Amino acid sequence: MSVSIGINNVIKKYGDTTVIPDLSVQIKNGEFFTLLGPSGCGKTTLLRMIAGFNSIEGGTIQFDGTVINDVDAHKRNIGMVFQSYAIFPHMTVRENVEYGLKLRKESKESMKKKVDDILRVVRISEYQDRLPQNLSGGQQQRVALARAIVIHPSVLLMDEPLSNLDAKLRIEMRSAIREVQDQVGITTVYVTHDQEEALAISDRIAVMKLGIIQQVGAPESIYTRPANVFVSTFIGHSNLFHAKVSRGGSTPAIVFADGYRVEMPNLCDGAQEGQDVVVSVRPEEFSIQPGMKAKVRSKTFLGKYTNYVLEFAGGMVLPGQPSIEFSQDLGHAERLYNVGDTIELKPNAAKINVFTEDQEQSLIKDVKKYA
Amino acid sequence: MPSSALKTHKFKWDFWKTVTLVILLLFAVFLVYPLFMLFLSGFKDSETQLWTMGNFAKFFGKRYYYGALKNSFLLTICVTALTILIGTPLAYFMTTCKIKGKGIIEILIIVSMMSPAFIGAYSWVLLCGRNGSVTKFFANLGIHTPSIYGFGGMLLVFTLKLYPFIYMYVCGAMKKIDVALSEAAESLGCNGIKKVATIIVPLITPTVFAGGLLVFMNALADFGTPMLIGEGYLTMPTLIYTEFINETGGEANFAAAMAAIMVLVTAVIFIAQKYFVNKKSFTMSSLRPIQPKQVHGIKNVLIHAFIYLVVGLAILPQLTVVYTSFLNTNRAVFLEGYSLNSYRMIIDNLGRAVKNTYLFGLIAIAIIVILGMFIAYIATRKRNVFTAIIDTVTMFPYIIPGSVLGITLLLAFNHKPLLLSGTAIIMIISFVVRRLPYTLRSSAAILYQISPSMEEASISLGASPVKTFFKITASLMMPGVLSGAILSWITVINELGSSVILFTGKTVTMSVAIYQEVIRASYGTAAALATILTATTVISLLIFFKLTGSKEISL
């Protein structure tokens, strides 16, 4: 029942403004695929194009190889979960879930069985005769999910389904959604601007900016090996440093502005001697060892670790970054530092990432933009 | 891979485009075209049918004519000011003070608002006219009471009939004032009159002006009241009517010119008011509305006296009408004893008027509801040039007085191929055009509150857009549609201004029949008819309150 989705050279325009210039991505059958990006990046637009609520100005969208551009939304057999849930307020929970089945002229018995099953899967059987206004946000979300899944859609589309829930419920619903998706195995396209949510829930993530896909890959590879500076800073925190490539020794290395040198065996062959590069170091990729000097400007105690905001000497870091941070894992810390202390930090060569000066490409071997 | 060449966007013909086209055609034929014809005929000489400015010159050349415009304005401005002076404090006291019998008072206010002004005028004649019971009572005591005819009488009738508009608007605004605002003022050391003047008054001022506009338009356009008790005080609607109907050869072109002048004037006022209100308005929402408090001592007595007096006077005409309908009469003279004779006479002679009112009214309201829902939907959900035009055109009836609309339709449809004059169809058309805006506005208002994802959810589950409209959107719209439709229905069955121009013996309605009976001084049958009309109005309101579970209607 579930299908693969092929999105080929798709264009979206509103009047003269192009929202999506030329986008291609292949979504596999049965996978949980997330569109992630800041607001205005075109992720919801793309989702609504798949759903059929937005027109397609160029290119094709295919379900299992069949072009669906001109298929009306109501004939695409999609299940959609909305940010506002969009539960029909004049119908009970059960009637909401039955709605799609009734349109499919399902027989009484099979409809009852299907509805009973799905209500159990999303754990709302006890509320089935209530009106939606008497349900909490999390319960309404479960109804929306049940209603979308019960029709056995070809694809399940979810538009920021958790953004109206409070933090705790969001985490609970996140695992509930993943669990249900695993059970029914429907190809799912999920839209969110919350990178933590995307990392936790997805099989694969597409990071988008200004209607262009920046990188597609599994959550780990996107976090550990971002394809460009945007991805590296959008997902998690990254400190950006100026450096130059040095090919003098037996292994290639990078040299920071203060002369500190880090050997990088995994630097790709394209990186040339003397080339200016941007080095991205995550706060947890530093360790207290002889390396680069920095001054502690403020610190925040966060239980499992302490977060220090640092100040490096002029010319070391890229200007305009929100903050330069170092996370000290308290399980292994030998001593804590105070504001005003000067510390020496060593970046972990196996973890840090190196990008071209224009910030667009990774200079690490085997980093893929589309995986 | 397929090339990413831009495909030209295919134009698909769908249900909503058909609806848009049909509605566009309906408005073009039944509103825009007739209005256009009206303006044209205003520029034509009635005998030669040549182009001329003569009609306008005639109007502004003679004091008798332009005096009517001045009269209309003077009366309307006085009425508006007086209704604001009465309606605003009434609303303030009703929301902030504990009032005994509040529930009944609220219903009485709505009933006095809903019944047509000319019935009020007519029962004030019964009370204070030359032969009125009050007049006679005081005359026997040797006291001379002021005349109900002319300016003063109309001011009284209009004020008592129209203050509920201000009351309802201001009550609505008062409900949105959070008690915290008032408490904040008190905590800053501001209390009593000063608090009302600096906090409450500025907050409700835009609302008062919006209500004032409604009063202004209603008073300016009213035809029945000046016809019945205006006597020497000539106003525009009566002037237009008499010039048009004139038995010594109707001056249709001159009447059309005057109608055009009036539409122009009201349009300017309407647009100016919208402009100023939009500039000054702000949105409020309250978590804790103001709670009524118990007032003590002389203040409490005065407040109650004020409220009971105003509401009592406003409902007095209705009570008079109901009472006199059960009296024995001989034309204008009320005799001793009670009977149902007046009702019997209606069944014998005027059954058609009763039947027509309900029949035409029901057909009109069915069309209004369907059109209202469709237009609201295309204007809010399918925005384009055409739906924007429709949205604007539907506002026209707000500024067209009933009698003017009557003339407009009659001039446009009194020859082939659209020979509709004298038919029930033209009556129904005038009802629909005139009273559609109420249903349309409240349908559109509720649509703005329904998230489009509700419809998308239905579509994603496999319902076609049309099916979605009927299964989901229409159901969700119902409360808003109903609250507008009740107002449309009540104003349709009470419509006089356009009906009195369009009716024939076959298509006479109750309000026209009442008007005729009053003119003929058949007070018994007039009262009985008015009672049936008032009863219908009250019952409709009660059913509506029961259905929606609220005591509010959207104006």
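Residues numbered from 1 in each chain as written. Chains lettered and ligands numbered in written order. Predicted model: local features only at pLDDT ≥ 70, side-chain atom pairs only at ≥ 80, totals over all residues.

- Identification of chain B as Iron(III) transport system permease protein from Harryflintia acetispora is taken from an unreviewed UniProt entry.

- Chain A has the name Iron(III) transport system ATP-binding protein in an unreviewed UniProt entry, where Harryflintia acetispora is given as its organism.

**Comments concerning the overall build of chain B**
Turning to step 1, where the next piece is worked out: Scanning chain B for helices and strands turns up 23 helices and 4 strands.
Turning to step 2, where the next piece is worked out: By the compact-globule yardstick of 24 Å for 555 residues, chain B fits well, its C-alpha radius of gyration being 25 Å.
Turning to step 3, where the next piece is worked out: Dimensions of chain B, computed from the C-alpha atoms along their principal axes, are close to 105 × 75 × 50 Å.
Turning to step 4, where the next piece is worked out: Within chain B, the fraction of its 555 residues that count as buried is 45%.
Turning to step 5, where the next piece is worked out: Pairs at least 24 residues apart make up 80% of the contacts formed inside chain B by residues separated by at least 6 positions. (Helix = DSSP H or I, 4+ residues; strand = E, 2+ residues; numbered from the N terminus. Rg over C-alpha atoms; globule rule 2.2 N^0.38 Å. Buried ≥ 20, exposed ≤ 12 C-beta atoms within 10 Å, placed from the backbone. Contact = placed C-beta atoms within 7 Å.)

**Some words on the overall build of chain A**
Turning to step 1, where the next piece is worked out: When helices and strands are tallied, chain A shows 8 helices and 19 strands.
Turning to step 2, where the next piece is worked out: Overall, the C-alpha framework of chain A stretches about 75 × 45 × 35 Å when taken along its three principal axes.
Turning to step 3, where the next piece is worked out: For chain A, with 371 residues in total, the buried portion stands at 43%.
Turning to step 4, where the next piece is worked out: At a minimum sequence separation of 6, the contacts of chain A that also span at least 24 residues come to 68%.

**A few points about the interface of chain A and chain B**
By a widespread convention, an interface's size corresponds to the accessible area lost as its parts come together.
Turning to step 1, where the next piece is worked out: Every contact between the two is made by 26 residues of chain A and, on the other side, 21 residues of chain B.
Turning to step 2, where the next piece is worked out: Elements with a contribution of two residues or more to the side of chain A that touches chain B: β1 (5-14), β4 (58-63), β6 (78-81) and α2 (93-103) of chain A.
Turning to step 3, where the next piece is worked out: A per-class count over the side of chain A that touches chain B returns 12 nonpolar, 11 polar and 3 charged. (Nonpolar A, V, L, I, M, F, W, Y, C, P; charged D, E, K, R; others polar.)

**Digging into the domain arrangement of chain B**
All names here are of chain B.
Turning to step 1, where the next piece is worked out: Domain boundaries in chain B define domain 1 (14-48 + 341-555) and domain 2 (64-325).
Turning to step 2, where the next piece is worked out: Spacing between the C-alpha centres of domain 1 and domain 2 amounts to 24 Å.
Turning to step 3, where the next piece is worked out: The partner domain 2 presents 42 residues to the 39 residues of domain 1 that form the contact.
Turning to step 4, where the next piece is worked out: Those elements that place two or more of their residues in the side of domain 1 that touches domain 2 are α1 (15-42), α16 (396-399), α17 (402-412), α21 (499-502), α22 (510-519) and α23 (523-548).
Turning to step 5, where the next piece is worked out: At 10 residues, the largest contribution of residues to the side of domain 1 that touches domain 2 is made by α23. (Domains from an automatic or database assignment.)

**Re the UniProt feature "domain: ABC transporter" (unreviewed entry) in chain A**
Turning to step 1, where the next piece is worked out: UniProt marks residues 5-235 of chain A with the feature "domain: ABC transporter" (unreviewed entry), using the numbering shown here.
Turning to step 2, where the next piece is worked out: As annotated, residues 5-235 of chain A comprises 36% helix and 26% strand, and the C-alpha atoms at either end are separated by 25 Å. (UniProt positions renumbered as here; feature names shortened; annotations may be inferred.)

**Some remarks on the UniProt feature "domain: ABC transmembrane type-1" (unreviewed entry) in chain B**
Turning to step 1, where the next piece is worked out: The UniProt record annotates "domain: ABC transmembrane type-1" (unreviewed entry) at residues 69-273 and 354-544 of chain B.
Turning to step 2, where the next piece is worked out: Secondary structure within residues 354-544 of chain B divides into 80% helix and 2% strand; the distance between the first and last C-alpha atoms comes to 21 Å.

**What about the sheet that holds strand β14 (residues 276-281) of chain A?**
Residues and elements named next belong to chain A.
Turning to step 1, where the next piece is worked out: The 5 strands are arranged β13-β12-β11-β14-β19 in an open sheet whose pairing can be described as antiparallel. Of all the strands in the sheet, just β13 (261-263) and β19 (353-356) have a single pairing partner and so form its edges. Here the strands of the sheet are splayed against their neighbours by 40° on average, with no regard to which way each runs.
Turning to step 2, where the next piece is worked out: Both strand β11 (residues 239-246) and β14 contribute to a ladder of 6 bridges, which runs antiparallel. If you follow asparagine 239 over to β14, its bridge partner there is valine 281. (Pairing = 2+ DSSP bridges. Axes fitted to C-alpha atoms, helices over the stretch in contact; angles between N-to-C directions.)

**With respect to the nonpolar core**
Taken as a class, soluble globular proteins show a tendency for nonpolar side chains to be buried jointly.
Turning to step 1, where the next piece is worked out: Residues Ile240(B), Met258(B), Ala259(B), Ile407(B) and Leu529(B) are the most contacted members of the largest nonpolar core, which totals 156 residues.
Turning to step 2, where the next piece is worked out: Ranked by residue count, the leading element in this core is helix α7 (residues 151-175) of chain B, at 16 residues.
Turning to step 3, where the next piece is worked out: Those residues in contact with Ile240(B) that lie beyond four places of it in its chain are Ala255(B), Met258(B), Ala259(B), Ser403(B), Val404(B) and Ile407(B).
Turning to step 4, where the next piece is worked out: Core analysis: the second largest hydrophobic core is formed by 108 residues, Ile50(A), Ile151(A), Val245(A) and Leu267(A) among them. (Core = buried A, V, L, I, M, F, W, Y, C linked by C-beta atoms within 7 Å.)

**Focus: the domain arrangement of chain A**
Residue and element names in this part refer to chain A.
Turning to step 1, where the next piece is worked out: Once the domains are mapped, chain A shows domain 1 (5-224) and domain 2 (229-356).
Turning to step 2, where the next piece is worked out: For domain 1 versus domain 2, the separation of C-alpha centres amounts to 38 Å.
Turning to step 3, where the next piece is worked out: Each partner contributes residues to the interface: domain 1 has 7 residues there, and domain 2 has 5 residues.
Turning to step 4, where the next piece is worked out: Of all the secondary-structure elements, those providing two or more residues to the side of domain 1 that touches domain 2 are β9 (204-209), β10 (212-217) and α7 (219-224).
Turning to step 5, where the next piece is worked out: A class-by-class count of the residues in the side of domain 1 that touches domain 2 yields 3 nonpolar, 3 polar and 1 charged.

**Examining unusual backbone geometry**
Residue and element names in this part refer to chain A.
Turning to step 1, where the next piece is worked out: Although it is not a glycine, asparagine 77 adopts a positive phi angle of roughly 55°.
Turning to step 2, where the next piece is worked out: Note on placement: asparagine 77 falls in the loop between β5 (66-67) and β6.
Turning to step 3, where the next piece is worked out: The backbone of glutamate 160 shows a phi angle near 45°, a positive value even though the residue is not glycine.

**Regarding the packing of helix α13 (residues 297-325) of chain B against α23(B)**
Residue and element names in this part refer to chain B.
Turning to step 1, where the next piece is worked out: Put simply, α13 and α23 touch, their axes get as near as 8 Å, and they point 120° apart. Judged by the angle between their axes, α13 and α23 are oblique. As α13 packs across α23, the resulting crossing turns out to be left-handed. Only Tyr523, Ala527, Ala528, Ala530, Thr531 and Thr534 of α23 make contact with α13, whose side of the interface consists of Gln318, Val321, Val322, Thr324 and Ser325.
Turning to step 2, where the next piece is worked out: Residues belonging to the contact of α13 with α23 are distributed by class as follows: 6 nonpolar, 5 polar and no charged. (Parallel < 35°, antiparallel > 145°, perpendicular 65-115°, else oblique. Left-handed = near helix turned anticlockwise from the far one by under 90°.)

**Quick word on the sheet that holds strand β16 (residues 305-311) of chain A**
Residue and element names in this part refer to chain A.
Turning to step 1, where the next piece is worked out: Strand order in the open sheet formed by 4 strands is β17-β16-β15-β18, with antiparallel pairing between adjacent strands. Every interior strand has two partners, whereas the edge strands, β17 (325-329) and β18 (342-347), have only one. Direction aside, neighbouring strands of the sheet carry axes that sit 55° apart on average.
Turning to step 2, where the next piece is worked out: Direction of pairing for strand β15 (residues 286-301) relative to β18: antiparallel, over a ladder of 7 bridges. Its bridge partner being in β18, alanine 294 is matched across the sheet by isoleucine 343.

**Quick word on the pairing of strand β2 (residues 333-338) of chain B**
Residues and elements named next belong to chain B.
Turning to step 1, where the next piece is worked out: Counting buried positions over the 6 residues of β2 gives 0, only a small fraction of the element.
Turning to step 2, where the next piece is worked out: In this structure, strand β1 (residues 327-330) lies alongside β2, joined through 3 bridges in antiparallel fashion. Following the sheet pairing, threonine 329 is matched in β2 by phenylalanine 334.

**Some thoughts on helix α19 (residues 452-460) of chain B**
Turning to step 1, where the next piece is worked out: Taken as a whole, α19(B) has its buried residues at Glu455(B), Glu456(B), Ala457(B), Ser458(B), Ile459(B) and Ser460(B).
Turning to step 2, where the next piece is worked out: On its buried face, α19(B) sits against α1 (43-51) and β6 of chain A together with α20 (465-493) of chain B.
Turning to step 3, where the next piece is worked out: Of the residues flanking the end of α19(B), it is Gly462(B), one or two places downstream, whose phi is positive at about 110°.

**Digging into the environment of Lys176(B)**
Turning to step 1, where the next piece is worked out: Checked against the element boundaries, Lys176(B) lands in the loop between α7 and α8 (179-187).
Turning to step 2, where the next piece is worked out: Sequence separation between Lys176(B) and Pro397(B) is 221 residues, and the spatial gap between their C-alpha atoms is 29 Å.

**Thoughts on the packing of helix α5 (residues 117-128) of chain B against α13(B)**
All names here are of chain B.
Turning to step 1, where the next piece is worked out: Orientation of α5 relative to α13, taken along the N-to-C sense of each, is 70°, at an axis distance of 9 Å. Considering their axes alone, α5 and α13 lie roughly perpendicular with respect to each other. Here α5 runs over α13; the crossing is left-handed. Here α5 contributes Ile119, Gly120, Ser123, Trp124, Leu126 and Leu127 to the contact with α13, which in turn contributes Pro317, Thr320, Val321 and Thr324.
Turning to step 2, where the next piece is worked out: Each residue belonging to the contact of α5 with α13 can be placed in one class, and the counts come to 6 nonpolar, 4 polar and no charged.

**Things to note about the confidence of the model for chain B**
Residue and element names in this part refer to chain B.
Turning to step 1, where the next piece is worked out: On average, residues of chain B score 85 in pLDDT, and 94% of them are at 70 or above.
Turning to step 2, where the next piece is worked out: Low pLDDT, under 50, characterises residues 1-9; the stretch is placed with 16 contacts to residues that sit more than four places away or in other chains.
Turning to step 3, where the next piece is worked out: Confidence estimates for the predicted assembly give a pTM of 0.82 and an ipTM of 0.82. (pLDDT = per-residue confidence, 0-100.)

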